[in-house]
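Coordinate analysis (summary)
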2 protein chains.
Amino acid sequence: MADNFEISIFGGGNVATHLAQEILKHPELKLKQMYNRHLTAIQGFGNKTHITDDLTQILPADLFILAITDDAIEDFSEKLAKFDNLTVHTAGSVPMNVLKTKRKGVFYPFQSFSKNKKQINFQNIPILIEAAQPKDLKFLKKIGEKFSNNVIEADSTQRKALHIAGVFAANFVNHLYLQASKILKNNNLPFDLVKPLILEVAQKVQKIPPKKAQTGPAVRGDIKVVNEHLTFLKDENQNKIYKLLTQSIFKEYKNE
Amino acid sequence: MADNFEISIFGGGNVATHLAQEILKHPELKLKQMYNRHLTAIQGFGNKTHITDDLTQILPADLFILAITDDAIEDFSEKLAKFDNLTVHTAGSVPMNVLKTKRKGVFYPFQSFSKNKKQINFQNIPILIEAAQPKDLKFLKKIGEKFSNNVIEADSTQRKALHIAGVFAANFVNHLYLQASKILKNNNLPFDLVKPLILEVAQKVQKIPPKKAQTGPAVRGDIKVVNEHLTFLKDENQNKIYKLLTQSIFKEYKNE
């Protein structure tokens with residue numbers, strides 16, 4: 001017979017909602033309970049599982065998933081200290097050991113969860129797992145692999161490194177898109193013009209390492225064009241960003 | 001009857017090759033001639049058009065397209081000064097007026113042309129056009145619209161702005177992907193982990209403006225996480241980039 005596990009979710013935000021939806025897709029998993037300080041955020045699950053805003057009503061399960069804000073994890077976990085089951089948090093930058101429960105772990109799906117998105121397909125989303133005990137790690141792997149093709153064991157340092165890599169590859173990248181859109185707008189050109197290029201660059205590094213995919217004046221060592229661009233950029237902030245990233249590219253390729 | 005135009009291409013690099021291939025797709029256009037200093041680079045077109053490395057052999061056409069390196073455009077155009085037809089260059093950062101021909105213009109397809117790619121679909125690639133005379137602009141528009149759905153009139157300043165926007169949205173973005181890959185490698189994690197996120201972010205700004213698409217610790221004003229990340233980043237260069245882009249995001253959203 002197939003495994004049959006009971007999982008409870010704590011929290012009412014994006015991660016909580018998407019994980020709860022995912023659990024409901026798997027007949028061999030049972031969404032035992034959802035808890036949130038305010039019932040309104042989880043009311044939508046009222047006809048699918050037991051929902052509560054009362055800590056005295058928490059039922060034991062095989063796994064508690066804390067999908068709450070980073071700063072709340074430590075204090076909240078103290079309230080679950082009497083339970084014998086495994087408790088995990090879902091945060092990239094919070095060490096496992098802040099958990100005050102008997103058995104602890106981390107279950108970190110690495111993707112930006114937008115509020116807009118109604119359904120998330122976890123299949124290609126990496127899930128990083130960690131646990132204090134080997135048997136709990138094995139269990140988290142089993143659950144993770146029901147959701148995703150990409151479940152990876154990682155300690156708290158590696159998880160933080162991935163979080164930071166994500167800041168570079170996603171948050172900062174989006175900010176550069178914003179700077180591009182401002183430069184275009186100042187010159188009465190639509191942002192639409194760079195959209196195909198943005199997609200092409202993102203698609204390219206799916207196949208070729210970024211080190212090899214680099215193009216542009218900096219990697220060509222084209223000082224003349226770089227200086228023309230710096231003269232053109234009157235915005236001090238844009239000028240600084242252009243300078244720093246160009247220097248960084250120069251350094252990276254100077255011996256090649 | 002349909003228009004019937006004769007176009008000659010000068011150059012043997014990526015842009016020259018892709019433009020020549022595109023012209024050959026349109027029965028109403030005739031690839032009159034290809035010129036390059038070295039015949040080897042254009043030999044593949046020998047059975048489709050007249051190829052030459054001899055400037056005295058240049059034939060008149062309706063349009064000369066100079067797809068040669070930026071620095072060569074001015075001098076080379078002098079050698080075509082005796083022709084009465086329109087001559088354009090294909091460069092983002094070169095003003096139209098460096099051309100020494102009687103009739104001048106620019107035909108700038110805005111995309112990074114990789115050597116690897118055998119065929120380019122011009123349909124979604126923006127083409128920026130400029131011409132000294134209105135009738136030539138009209139003619140370039142007609143040709144451009146045979147290739148692309150996105151033909152835009154832009155002066156030399158706008159073309160430079162677009163080029164710079166492309167440096168931010170493509171070249172610098174790729175460099176941030178590289179930094180992410182280094183951070184991961186230093187922590188024994190594969191670059192594969194951020195690939196789905198990279199695609200998601202690029203796809204998101206196809207629909208939502210980057211200003212609204214921003215996520216991450218900086219836009220949340222999460223100083224605690226920002227400081228943890230800066231402590232984690234021992235590489236001085238990565239630390240500088242993190243700091244500057246985080247400050248830039250703070251500035252952008254501080255009054256919101």
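Residues numbered from 1 in each chain as written. Chains lettered and ligands numbered in written order. Predicted model: local features only at pLDDT ≥ 70, side-chain atom pairs only at ≥ 80, totals over all residues.

1. Here we look at the overall build of chain A
Operational definition: For the purposes of this entry, the term helix denotes a DSSP run of H or I that reaches at least four residues, the term strand denotes a run of E that reaches at least two, and both are numbered from the N terminus. Put simply, the radius of gyration uses C-alpha atoms, and a globule should come to 2.2 Å times the residue count raised to 0.38. As a rule, residues whose C-beta atom has 12 or fewer other C-beta atoms within 10 Å are exposed, those with 20 or more are buried, and those in between are partly exposed; C-beta atoms are placed from the backbone. Here contacts are defined at the residue level, using C-beta atoms placed from the backbone and a cut-off of 7 Å between them.
Of regular secondary structure, chain A possesses nine helices and eight strands. Relative to a compact globule of 256 residues, whose C-alpha radius of gyration would be 18 Å, chain A shows 23 Å and is clearly more extended. Residues counted as buried form 48% of the 256 residues belonging to chain A. For chain A, restricting intrachain contacts to residue pairs at least 6 apart in sequence, the fraction spanning at least 24 positions comes to 50%.

2. A look at the relation of the copies chain B and chain A
Short version of the rule: To line up the copies, we fit them by least squares on C-alpha atoms, keeping just the residues with pLDDT of at least 70 in both.
If you rotate chain B by 180° and push it 0.0 Å along the axis, it lands on chain A with an RMSD of 0.1 Å. Overall, the copies show the geometry of a two-fold rotation axis. Minimal C-alpha separation from the rotation axis in chain B is found for V173 of chain B, amounting to 2.7 Å. The residues that chain B uses at the interface reappear at the interface of chain A in 100% of cases, marking a shared surface.

3. Re the interface of chain B and chain A
For clarity, the cut-off: Charged means Asp, Glu, Lys or Arg here, nonpolar means Ala, Val, Leu, Ile, Met, Phe, Trp, Tyr, Cys or Pro, and polar covers whatever is left, Gly included.
Across the boundary between the two partners, chain B contributes 71 residues, which contact 71 residues of chain A. Elements represented by at least two residues in the side of chain B that touches chain A include exactly α4 (156–186), α5 (195–204), α6 (210–213), α7 (217–220), α8 (223–232) and α9 (236–253) of chain B. Of the residues forming the side of chain B that touches chain A, the biggest block, 25 residues, is contributed by α4 of chain B. When the residues that make up the side of chain B that touches chain A are grouped by side-chain class, the tally is 42 nonpolar, 21 polar and eight charged.

4. Quick look at the pairing of strand β6 (residues 103–109) of chain A
Residue and element names in this part refer to chain A. What counts here: At least two bridges found by DSSP between two strands are what make those strands a pair.
Of all seven residues in β6, six are buried, a share of seventy percent or more. Note: strand β5 (residues 86–89) against β6, four bridges, orientation parallel. Paired with L86 across the bridge in β6 is R103. Summarising the sheet, β6 and strand β7 (residues 127–131) pair through five bridges and their orientation is antiparallel. Paired with V106 across the strands is E130, a residue of β7.

5. A short note on the domain arrangement of chain A
All names here are of chain A. Stated formally: Annotation comment: domain bounds sourced from an automatic or database domain assignment.
Once the domains are mapped, chain A shows domain 1 (5–154) and domain 2 (159–253). Placing the centre of domain 1 and that of domain 2 at their C-alpha centroids yields a distance of 36 Å. Domain 1 puts eight residues into the contact, and the matching count from domain 2 is six residues. When grouped by side-chain class, the residues that make up the side of domain 1 that touches domain 2 number five nonpolar, three polar and no charged.

6. Describing the sheet that holds strand β6 (residues 103–109) of chain B
Residues and elements named next belong to chain B. Convention followed: Note on method: axes are straight lines fitted to C-alpha atoms, helices fitted across the in-contact stretch only, with angles between N-to-C directions ranging 0 to 180 degrees.
Here eight strands make up an open sheet; going across it, the order is β3-β2-β1-β4-β5-β6-β7-β8 and the pairing mixed. At either end of the open sheet lies a strand with only one pairing partner, and these are β3 (50–52) and β8 (151–153). Taken over all neighbouring pairs, the strand axes of this sheet differ in orientation by 25° on average, direction set aside. Where strand β4 (residues 63–66) lies against strand β5 (residues 86–89), four bridges are found, and the strand directions are parallel. The residue bridging L66 from the neighbouring strand is H89, located in β5. Of the strands in this sheet, β1 (5–10), β2 (29–35) and β4 touch helix α1 (residues 14–25), which is tilted by about 150° from β2.

7. Overview of helix α1 (residues 14–24) of chain A
For an α-helix, 3.6 residues make a turn, and residues three or four places apart therefore share a direction. Within α1 of chain A, eight of the eleven residues are buried, which leaves the element mostly enclosed by the surrounding structure. Each element contacted by the buried residues of α1 of chain A is listed here: β1 (5–10), β2 (29–35), β4 (63–66) and α3 (134–147) of chain A.

8. Let's talk about the sheet that holds β6 of chain A
Residues and elements named next belong to chain A. Here we have eight strands laid out as an open sheet, ordered β3-β2-β1-β4-β5-β6-β7-β8, and mixed in their pairing. The open sheet is flanked by β3 (50–52) and β8 (151–153), the only strands paired with a single partner. Neighbour to neighbour, the strand axes of the sheet diverge by 25° on average, direction disregarded. Running over the sheet, α1 touches β1, β2 and β4 and is turned about 150° from β2.

9. Section: the environment of K243 of chain B
Residues and elements named next belong to chain B. Checked against the element boundaries, K243 lands in helix α9. The class for K243 is partly exposed, based on 15 C-beta atoms found within 10 Å. Expressed as a C-alpha distance, the spacing of K243 and N149, which sit 94 residues apart in the sequence, is 40 Å.

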